[in-house]
Structure formats: structure tokens, C-alpha cells
Amino acid sequence: MIDPVAAGLVALYCIVMLAIGVWASKKIQNMSDYVVAGRSLDFWVFTMLMIGSVCSGMSLLGVSGLGFKFAWPTIWEQIAVPLSIAFCIIFFGVKMWTVAKKSGYITVQDYLAHRYESQQSLRALSAVSGIVVSMIYLAGQYTAISIVLMWLFGLPHWLALLLGAAIVTVYTVIGGLYAVAWTTLVQGLMLIIGVVIMAPIVIMAAGGFENINQVMASVNPTNVDPWVTGAGAVFTPTYIVSFFLLLTIGLACAPHVINNILCVKDVKYFKWSPLIAFVVYGIVMFLLKFAGFAGIVLVKDGLVTLPDVKNASDFIFVYGVQAALPSIALWGIFAVIVLAAVMSTTDRLMLTIGTYFSWDIYKKILRPDAPEKKVILVSQVSVLTAAVVTLLLALNPPDMLVWLIWAGIGIMFATFAVPLLAGLYWRRATQQGAFSAMLLGLVASLFFGGLSYFKINIIPMPFHFSFYAFVISVIAMIVVSYLTPPHSEKVLDETLTGWYIQKQP
Amino acid sequence: MFGLPLLTIVAVGGAVLIILIALILWGLNFKEISA
């Protein structure tokens, strides 16, 4: 039976999000307003947008689920994911913002097209790759929304998916990045406060931090080790290294994260935003993982029984809160917090897909003479189409939410990291090198990802699948760049290409 | 301590500490150059 207080809280949250969308829609005058909020974001809105874009369904459900399943050896995720925000700002943000401000970029593809002097082929490949990986990632987010709505209201999976997607699609379509940024500010604050209150309650219900570790060690001594070794072990040191790179660099160059850089009002915000984002999001991530550890104790003591579904471990935080908190109304608050976390990423992903199609493919390649209002309309239709397609993908979720999301990040890592880093820091990197690196990275990550997902053991794979594709991408960039002529000094100077982060005045 | 082996505390705590120091140094050395 649906509790009226819990339902009321969820409804109120959704109404507030829609109201922000309506308010934001009045600020949209042109494509720059719709895509980069007129480059007007101040320090806290930007920092929270970065946290909110990275913090997703994985953070609240997948992180706890992973901790519940593999214990302390997964703790590196808690460092790598918050670090990705700092990496993005420092290694991509400072330079790219400076060039974008001068040249009027509104997507990362504008930078790639300028740096590699490729207005069509590289732009198109990058935009299509961005759309594909964003859709895989988005399917994982919808799964998280449905987990919450299924749990709280007992809704069927498809209906839960439809409801969650409808709300987030409406405010993203009408309000663009203004709506995404301001809803994320609200969602981010709710998430931080909620996790800081809820996770310790779950940890205390399991007897406290020390007791949890002792119980975990009694179940299996390797549960409290920082890594594991031996046959059949997943989180071995080699795997953790690739996992760390995947999360830190892969998330940093993810289209829905890196594009936030272009929305900032002033470069001085990059001074302390890396540290603040790392600390704030780090606290949230560690608390969530500890709540997953607490789930091991709660299940062992019979206080929690997970549902009989394929992705049961993803429910551990939700069921932990249910066991620790006596009131259904408080579950409603918790549900709102999870929805906030998930929607803060979902909206950004959908807008990214819409922008990449409407700006990089429609406006820059198919219809260069299209008026701005038409481009905005195409963007809105693209967001809607992306929502429908990813809903279909999310109808049959994999065993663990986190694996689906990692697959998305892994493909982003292998596809975008090399062309972006080489473009910014290596003057010898060429258009053909970037194209080969991106294409081979994408194809290789899909190949190795397929081998990993379907457990096809053609070759031993001690690293995360994306690492192999990343290495192939690096080799392609170096070899092809040296075989092709370099770009003009003028373009390299205009795009601040070179072995520095900040050019000294 | 905390029911954890020393190796876990040193490895995880050390990594967090190094990153915090690096990010503080970044903030202290960042130059606000206008575009």
C-alpha cells in the first residue's frame, strides 16, 4: 500500500523540479543559454553541478551494492570518483575554458574541431561516440530510479521507469542547462545532507564502524584488506590500478562532466573547486560505502532480507535504511534523496545527448544555415528521443547496476581520454591520430567489454577491459600522428597546446 | 584500529592524504589569469 506521506514527499520533490524547469525556460534566448547557461555559473552552482553530474545512481545504490558484495577492496572507488572532478577541472578545465571563452565553444567537439582542424569527421565521430556512451550510462541511471520507485511504491519496473523518466525529461527539455544546473544545486544539497544523516544511522544499526569491520573479517579475512590476490579474485592490485584510472580519467572526460567546464563564469573558480569537490563528495562516497559494509552485518544478523531479483545487492542501502528507520515517512525522504542523486546525472546526460546531436551533427554538419530556434527545437526532440531509447535499454537491467555504469565510463575512458589529453598537451598530435585513437578506442572497448560481460576467456584479462582499449588508443595516437603532418603553429598556439596547464603571463 | 589491518589504514589513509596535499598545493599555486 502506498503511504500518503511518502507519496506526498516524492510528489512535492517532483513539483519543485518541474517549477525550476519552468523558471529556467524563461531565461533561454539562444543556443548558448540552452547549452552552457550563457557561461554564467558561479562558484557553488558550478561545483555542485560537477558533483551532481558525477554523483549518480551508482553513488547511492551501486556503491553500497559493490561494498556489500566485495567489501574493503572496493574502497578505491571512494577516492577515484571524487578525484575525477579535480582531474577534469585541472587537466581539461583550465585550458579548455580559456580557449572556449575566446573562441565561443559550446561543446567539447568545438574544441576538437578547432584543435585538430576537423569540422566534420572528428566532430561527427566524437559526437556519435558521446551519444552512444551517454545512452549506455543513462540506461544505468534509469535502472536506479526504478529501484527506488519499485521499493517505495511497489510499482512494476516499467511503470517506475516511465514515471522517473517523464519528470526529468520535462524539466530538461524546457529549461536546458539553466534547469539542469539549478535543479542539481538543490539535488546536491539534499543528497549531501541526506547521506550525512542516513548513512550513519544504517552504520549504527549494524553496531558501529568497528563492529562492522570485525564482523566482515570474521566472515572472510580478506574482506578488510585493501586488495585481494589469488585465483578468482576480482579486486587484485592490477585490476585496482586500471579501475582507478578508469574512474578518475574516464569520468573526467565523460561528455556530461567535461562540458560543464564551458558553463563557468570565471576561471578563478578553478582555484579551489577541485579541493572542495574532492572533500565534499569524498565524504559522501565513503559514508555510502560504509553503509554497504553495514549491509553485510544486517543481512548476517537477519535484520535485512534482500529481494529475490537479479540485481539484489543494489537494494542493500535502500533495505538498510528501511531496517534502521522505523517510519515510512522517513523512507519517503530517503527516496527523494536517491531520486535527487540519480536525476542530477540523468538530466545532464540527456542534455548532453540533445546538444551533441543538435549542435555538432545537425547544426555543424547537416544544416549549417539552420536558425538557432530550430536548433534548440532539434535539441529538445533529441532529448525526448534519447529518453525513450534508453528506457527501452533499461527494461532489462544487468545483474549489478555498477557494472553497467562502469561499462559506460570504460568506453568513455577508452574513446575520449587520448584525443583530449594529447590535443591539449602534445603539439605533435594530429587530426588523423586523434581520429584513429578515438575510433580504435571505441571499437576496442566495445570488443573487450563484450568479452568481459559475456565471460568469454579468449585471453587473460587481469585489468579492467577499458584499460586494453585505452592502450590501443594511445598507440594509435602516437603511431598515426608521427606518420601524418603536424598542425600549423598558429592553430596550436590558439588552442594553447603544449606541456603546461597554465601559460605564465 | 577500527577493526582494520594496519595495511588497509596506511594504504587508504595515505592515498587520501597525498591527494589532499596535492589539491591544496594546486589551490595555493593557481594563478587567476583572465581569458
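Our subject in this report is the structure included herewith. (Residues numbered from 1 in each chain as written. Chains lettered and ligands numbered in written order. Predicted model: local features only at pLDDT ≥ 70, side-chain atom pairs only at ≥ 80, totals over all residues. Heavy atoms only, no water.)

Some thoughts on the interface of chain B and chain A
- Taken together, the 22 residues of chain B in the interface contact 35 residues of chain A.
- Each partner contributes to the roughly 2,500 Å² buried at the junction of chain B and chain A, and carbon and sulfur atoms together form 78% of this total.
- Counting across the interface, chain B meets chain A through 0 salt bridges.
- Inspection of the region where chain B meets chain A yields 5 residue pairs in polar contact (both at pLDDT 80 or more). (Contact = heavy atoms within 4.5 Å. Buried area = accessible area lost by both parts, 1.4 Å probe. Salt bridge = Lys/Arg side-chain N within 4 Å of Asp/Glu carboxyl O. Polar contact = N/O pair within 3.5 Å; in protein donor to acceptor, adjacent residues only side chain to side chain.)

A look at empty space enclosed by the protein
Residue and element names in this part refer to chain A.
- The full count for this structure, using the stated rule, is 2 cavities of 30 Å³ or more.
- Considered as a void within the structure, the largest cavity measures approximately 50 Å³ in volume.
- The element that contributes the greatest number of residues to the lining of the largest cavity is helix α14 (residues 328–366), accounting for 5 residues.
- Residues belonging to the lining of the largest cavity are distributed by class as follows: 5 nonpolar, 3 polar and 1 charged.
- Roughly 40 Å³ of internal volume is contained in the second largest cavity.
- Mapped by element, the contributors of at least two residues to the lining of the second largest cavity are α6 (108–115), α11 (255–258) and α16 (401–425).
- At 3 residues, α6 tops the list of elements feeding residues into the lining of the second largest cavity.
- Looking at the lining of the second largest cavity, its residues break down into 8 nonpolar, 2 polar and no charged. (1 Å grid on protein atoms, 1.4 Å probe; cavity = no way out; pocket = protein on both sides within 12 Å on 5 of 7 lines; lining within 4 Å. Points joined across faces, edges and corners; volume = space filled by probe spheres on them. Helix = DSSP H or I, 4+ residues; strand = E, 2+ residues; numbered from the N terminus. Nonpolar A, V, L, I, M, F, W, Y, C, P; charged D, E, K, R; others polar.)

Structural notes on a nonpolar patch on the surface
All names here are of chain A.
- The grouping of F447, Y453, F454, I456, I458 and I459 at the surface amounts to a nonpolar patch, some 650 Å² of accessible area in total.
- For I456, the location among the structural elements is in the loop between α17 (431–453) and α18 (465–483).
- Residue classification places I456 among the partly exposed positions, given a relative accessible area of 40%. (Patch = residues over 30% accessible without salt bridge, like charges linked within 9 Å, V, L, I, M, F, W, Y side chains within 5 Å. Areas by Shrake-Rupley, 256 points an atom, 1.4 Å probe, with all protein chains shown as cover. Buried < 20%, exposed > 50% of the residue type's maximum accessible area, 1.4 Å probe, protein only.)

Quick word on the packing of aromatic side chains
- Summed over all chains, the structure comprises 27 aromatic pairs over all chains.
- Ring plane angle 90° and centroid distance 5.5 Å describe the contact between F235 of chain A and Y239 of chain A, whose orientation is recorded as edge-to-face.
- Looking at Y239 of chain A, the relative accessible area reads 8%, which means it is buried.
- Here F286 of chain A and F290 of chain A contribute two aromatic rings whose centre-to-centre distance is 5.9 Å and whose plane-to-plane angle is 55°, an arrangement assigned as tilted. Of this pair, F286 of chain A and F290 of chain A both sit in helix α12 (residues 273–300), 4 residues apart, roughly one helical turn. Note on accessibility: F286 of chain A and F290 of chain A belong to one class, buried.
- The structure contains a cluster of three or more aromatic residues connected by ring pairs, namely W72, F209, F286, F290 and F293 of chain A together with F2 of chain B.
- In this structure, K27 of chain A packs its charged tip against the face of Y178 of chain A, placed 5.2 Å from the ring centre. (Phe/Tyr/Trp six-rings, centres within 6.5 Å; stacked < 30°, edge-to-face > 60°. Lys NZ or Arg CZ within 6 Å of the ring centre and 35° of its normal.)

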